[in-house]
Amino acid sequence: MCGIVGCIGKGNAVPFLIQGLEKLEYRGYDSSGIAIYSNGKIRVVKKQGHLKVIKEILKDNNDFCAGLGIGHTRWATHGNPTDINAHPHVSACGKIALVHNGIIENYIELKEELMKKGFLFKSDTDTEVIVQLMSSLYEGDIFQTVKNSIKKLQGSFALGIICADNPDTLIAVKKDSPLIIGTSENENYIASDIPALLSKTDTICRLQEKQIALINSEGFKLYDFEGNLSEKKLTVINWSIDAAEKNQYEHFMLKEIMEQPRAIKDTVYPRIEGKSLKLDNLNLSKEYLENLNKICIVACGSAYHVGCIAKYFMELLIRKPVEIDLASEFRYRSPIVDENTLVIIISQSGETADSLAALRESKRLGARVISIVNVVGSSIASESDYVLYTHAGPEIAVATTKAYSTQLALMYILALHIGKALNKISDEKYESIIEALKNLPENIEKILEGKEEIMSIAKNYYYYEKVFFIGRNVDYAVCMEGSLKLKEISYIHSEAYAAGELKHGTISLIDKNTLVIAIATQEKLMDKMISNVREVKARGAKILFLTTEKYYEKLKPISDHIVSIPQTYETVLPSLSVIPMQLMSYYTAKFRGCDIDKPRNLAKSVTVE
Ligand code: F6R
């Protein structure tokens, strides 16, 4: 949802701006631009297309250099991806340049008012309204202008601002969209996300809600929207620079798929002590847990799919009702939530607008909120009552893989922790599931060793235009994720269907041009799945079965292809069965020549509604 960078220092800011934007392209990549202050003027280069267009323009341009600059990579919301709509936008007076991540909800009213005052607009964006509003209020004090302008804005905005009259100041503003300051000696930075800063510094300060930062080359000061000085909290990030590099891999997605054993180990192992779990920061008394009327899991996209699996095993292990909601639906459906409801928000970025709004709504209704988050200090993490971090490391590919897997692993841990506190799980079951979680990295490693086999299966089907994923129970929930992965990166239309539901209508779509990927790992449902597969096979579909080693021989005769995963405690099998699904999507997209890490129309961190 747009990436912002900015830099102020004694050297040339431009190389950082370009390289920082490169690391933020996952947030949007339909156009990009840079504005610098040089020789008393604001200068701008901005173009439609990926960042490489700007890089090419600036390649041999030694003249385009300055100590102060801002940059932007865009995911269009208002106005098509064109040169003119690309950020930075510059004020009519030519003195103020600005980059924006978010949406200004009242931009039409503001635009009309400004047009009445004689302001002309070049672009179709909501962002240009902010900069022209500043232009209309500017009387020589840029800080005052920013404070007065943002009071008139409704919506979400992270802003990077430079002003030709104040070449020693970079201004940053945050409301409902993420923004981070990075500090180093003689140079300071802003960015939408940590990977942009890793090559320069490990010391960051996350802007809190409704804060303005005035930054110079020596340091920075934080203010609230009224202009009162605020306290600043610096954090040291322990992500390595390598974590945000592709290294020997062709795509970030493959690198991140391959990193899953490590990511799960880092997430799970520190929370296991002998035969039990330790979740020190969760202060949920037995009395509170006993009084719970239900648990609500709320999330978007793949994180929602984690919740879909968790609903099955949480109800099994906790024996309390568990509801799962899409955050965008939850927030507008008057949910029945009170002080006896535990809400769990799952989010990789910790900045997803709908998930954040669902969190706020839950707290307003009196519920306690636990969040499962990857990005330390993100908005969802900071506003939750308790946060459990996944230690996936930075996830760059737009399609999530390692964040999904670590979220799922952490949900097992949370379910076990609550189930045990409520005496709903036998010691034997508790210990067996912990053992299965401990074995996940090794078992995933084994699946990844077989990736060439999945590649060769993908080679047979990459040109299909219709794929169904079918399964029952948790396997159905894994199908949802398999189908989303395939859709988002290979642009094949696919659907996930509960296998038992097919014949209530959808089976009419099955024909000889359909690939059916059937996930069957649950013993009690095996025969039902076999019948469902026979039904689609009889209608000409090709069958790819995904099962465990135990059922390989049984299912082989009715499949065109079969992939097996190691047998482990059945409840934990979804953590394994999703891996071949990720690989199948990856190789299918690769054979189709798709832009795997940056699929069309998408951006990784959805900070707008
Ligand atoms: C799909 C994907 C998205 C995210 C969703 C939620 O591969 O990555 O569906 O899962 O946008 O994002 P977070 O987890 O950051 O809240």
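Residues numbered from 1 in each chain as written. Predicted model: local features only at pLDDT ≥ 70, side-chain atom pairs only at ≥ 80, totals over all residues. Heavy atoms only, no water.

Here we look at the environment of Asn85
Stated formally: The secondary structure listing takes helices from DSSP runs of H or I that are at least 4 residues long and strands from runs of E that are at least 2 residues long, numbered from the N terminus. Note on contacts: a residue pair qualifies if any of its non-hydrogen atoms lie within 4.5 Å across the two residues.
Examined against the element boundaries, Asn85 turns out to sit in the loop between strand S4 (68–74) and strand S5 (89–90). Placed 234 residues apart in sequence, Asn85 and Arg319 show a C-alpha to C-alpha distance of 53 Å. When residues no more than four places from it in sequence are discounted, the contact partners of Asn85 are Arg74, Gly79, Asn80, Ser123, Asp124 and Thr125.

Concerning the pairing of strand S24 (residues 493–498)
The condition is simple: Strands were regarded as paired on the criterion that DSSP finds at least two bridges between them. Place the viewer so that the strands point away; then a crossover is right-handed whenever the path from the first strand over the helix to the second strand goes clockwise.
Across six bridges, strand S23 (residues 466–471) lies against S24 in parallel orientation. Within S24, the residue paired with Phe469 across the bridge is Ala496. Note that the unit made of S23, helix H16 (residues 474–490) and S24 has a crossover that is right-handed.

Thoughts on the sheet that holds strand S20 (residues 341–347)
Note the following rule: With axes taken as lines fitted to C-alpha atoms, and helix axes fitted only over the stretch in contact, angles between N-to-C directions fall between 0 and 180 degrees.
An order of S19-S18-S20-S21-S22 is seen for the five strands of this open sheet, with the pairing classed as parallel. At either end of the open sheet lies a strand with only one pairing partner, and these are strand S19 (322–326) and strand S22 (386–389). Averaged over all adjacent pairs, the angle separating strand axes in this sheet is 20°, with direction ignored. Pairing analysis gives four bridges linking strand S21 (residues 368–373) to S22, with the strands arranged parallel. Directly across from Val373, in S22, lies its bridge partner Tyr389.

Examining the domain arrangement of the protein chain
The condition is simple: Residue ranges assigned to the domains are those given by an automatic or database domain assignment. Buried area is a sum: the accessible area each of two parts loses on coming together, probed at 1.4 Å, counted once for each and added. One side-chain nitrogen of Lys or Arg within 4 Å of one carboxyl oxygen of Asp or Glu is enough to make a salt bridge. When residues are grouped by polarity, Ala, Val, Leu, Ile, Met, Phe, Trp, Tyr, Cys and Pro land in nonpolar, Asp, Glu, Lys and Arg in charged, and all others, Gly among them, in polar.
The assigned domain composition of the protein chain is domain 1 (3–244), domain 2 (246–448) and domain 3 (450–594). Summarising the inter-unit geometry, the C-alpha centres of domain 1 and domain 2 are found 33 Å apart. The partner domain 2 presents 17 residues to the 13 residues of domain 1 that form the contact. Both faces considered, domain 1 and domain 2 share a buried interface measuring about 1300 Å² in area, 56% of it formed by carbon and sulfur atoms. When the buried area of domain 1 at its contact with domain 2 is split by residue, Tyr26, Arg206 and Trp239 rank highest and sum to 37% of it. Between Arg206 and Glu351 there is a salt bridge whose closest N-O contact spans 3.9 Å. Looking at the side of domain 1 that touches domain 2 residue by residue, the class counts come to seven nonpolar, no polar and six charged.

Structural notes on the packing of helix H7 (residues 260–268) against helix H14 (residues 427–449)
Definition in use: By the definition adopted for this analysis, an angle is roughly parallel if under 35 degrees, roughly antiparallel if over 145, roughly perpendicular if from 65 to 115, and oblique otherwise.
Remark: H7 packs on H14, axes separated minimally by 8 Å, with the N-to-C direction vectors making an angle of 175°. One way to sum up the angle between H7 and H14 is to call them roughly antiparallel. Contact residues: Gln260, Pro261, Ile264, Lys265 and Val268 in H7; Leu437, Leu440, Pro441, Ile444, Glu445 and Leu448 in H14. A per-class count over the contact of H7 with H14 returns eight nonpolar, one polar and two charged.

Topic: the nonpolar core
Put simply, the test is: Nonpolar cores were defined as sets of buried Ala, Val, Leu, Ile, Met, Phe, Trp, Tyr and Cys residues, with membership established by side-chain atoms within 4.5 Å. Only protein chains enter the accessibility calculation, which uses a 1.4 Å probe. A residue is then buried if its area is under 20% of the maximum for its type, exposed if over 50%, and partly exposed in between.
With 129 residues, the main nonpolar core has Ile297, Phe313, Met314, Met411 and Leu414 as its most contacted residues. Looking at which element gives the most residues to this core, the answer is helix H13 (residues 402–421), with 11 residues. Not counting chain neighbours up to four residues away, the residues in contact with Ile297 comprise Gly307, Ala310, Lys311, Met314, Val322, Glu323, Ile324, Asp325, Ile344, Ile346 and Met411.

Digging into the pattern of salt bridges
Tallied over the entire structure, the rule returns 37 salt bridges. Residue Arg360 is joined to Asp176 by a salt bridge in which the shortest nitrogen-to-oxygen separation is 3.0 Å. Taken together, the positions of Arg360 in helix H11 (residues 353–364) and Asp176 in the loop between strand S8 (170–175) and strand S9 (180–184) put the pair 184 residues apart, joining distant regions of the chain. For the salt bridge of Glu187 with Lys200, the shortest nitrogen-to-oxygen distance reads 3.9 Å. You can see Glu187 sitting in strand S10 (residues 187–191) and its partner Lys200 sitting in the loop between S10 and strand S11 (203–206), a full 13 residues away along the chain.

What about the environment of Phe220?
Mapped onto the secondary structure, Phe220 falls in strand S13 (residues 220–224). Counting along the chain gives 37 residues from Phe220 to Thr183, while the straight-line C-alpha distance between them is 8.7 Å. Aside from chain neighbours lying at most four places away, what touches Phe220 is Ile181, Thr183, Cys205, Leu214, Ile215, Lys232 and Leu234.

Considering the packing of aromatic side chains
Stated precisely, the cut-off is as follows: A pair of aromatic rings is counted whenever rings of Phe, Tyr or Trp (Trp by its six-membered ring) have centres within 6.5 Å, and the orientation is called stacked for planes under 30 degrees apart, edge-to-face for over 60 and tilted otherwise. A ring is considered to have a charge above it if a Lys NZ or an Arg CZ atom is located within 6 Å of its centre and within 35 degrees of its normal.
Considering all chains together, one arrives at nine aromatic pairs under this definition. A centroid spacing of 5.5 Å and a plane angle of 40° characterise the contact between Tyr462 and Phe591, whose relative ring orientation is tilted. In this pair, Tyr462 is assigned in the loop between helix H15 (451–461) and S23 and Phe591 in helix H19 (residues 574–591), connecting sequence segments 129 residues apart. Here Tyr462 falls in the partly exposed class, since its relative accessible area comes to 28%. Consider the rings of Tyr586 and Tyr587, whose centres lie 5.1 Å apart with planes at 75°: the pair is edge-to-face. Side by side, Tyr586 and Tyr587 carry an identical accessibility label, which is buried. Taken together, Tyr461, Tyr462, Tyr463, Tyr464 and Phe591 form an aromatic cluster joined through their ring pairs. Directly above the aromatic system of Phe220 lies the positively charged group of Lys232, at a separation of 4.2 Å from the ring centroid. A cation over a ring is seen here: Arg368 above Tyr288, with NZ or CZ 3.9 Å from the ring centre.

Concerning the sheet that holds S24
Taken in spatial order, the five strands make up an open sheet running S24-S23-S25-S26-S27, and their pairing is parallel. Single-partner strands in this sheet number two, and they are S24 and strand S27 (561–565). This sheet shows a mean twist of 15° between the axes of neighbouring strands, independent of strand direction. Across four bridges, the pairing between S23 and strand S25 (residues 515–520) is parallel. Counterpart to Val467 in the pairing with S25 is Leu515. With respect to the sheet, H15 is in contact with S25, strand S26 (542–548) and S27, its orientation differing from that of S27 by roughly 150°. Its contacts with the sheet place H19 against S23, S25, S26 and S27, and it is angled at close to 160° to S25.

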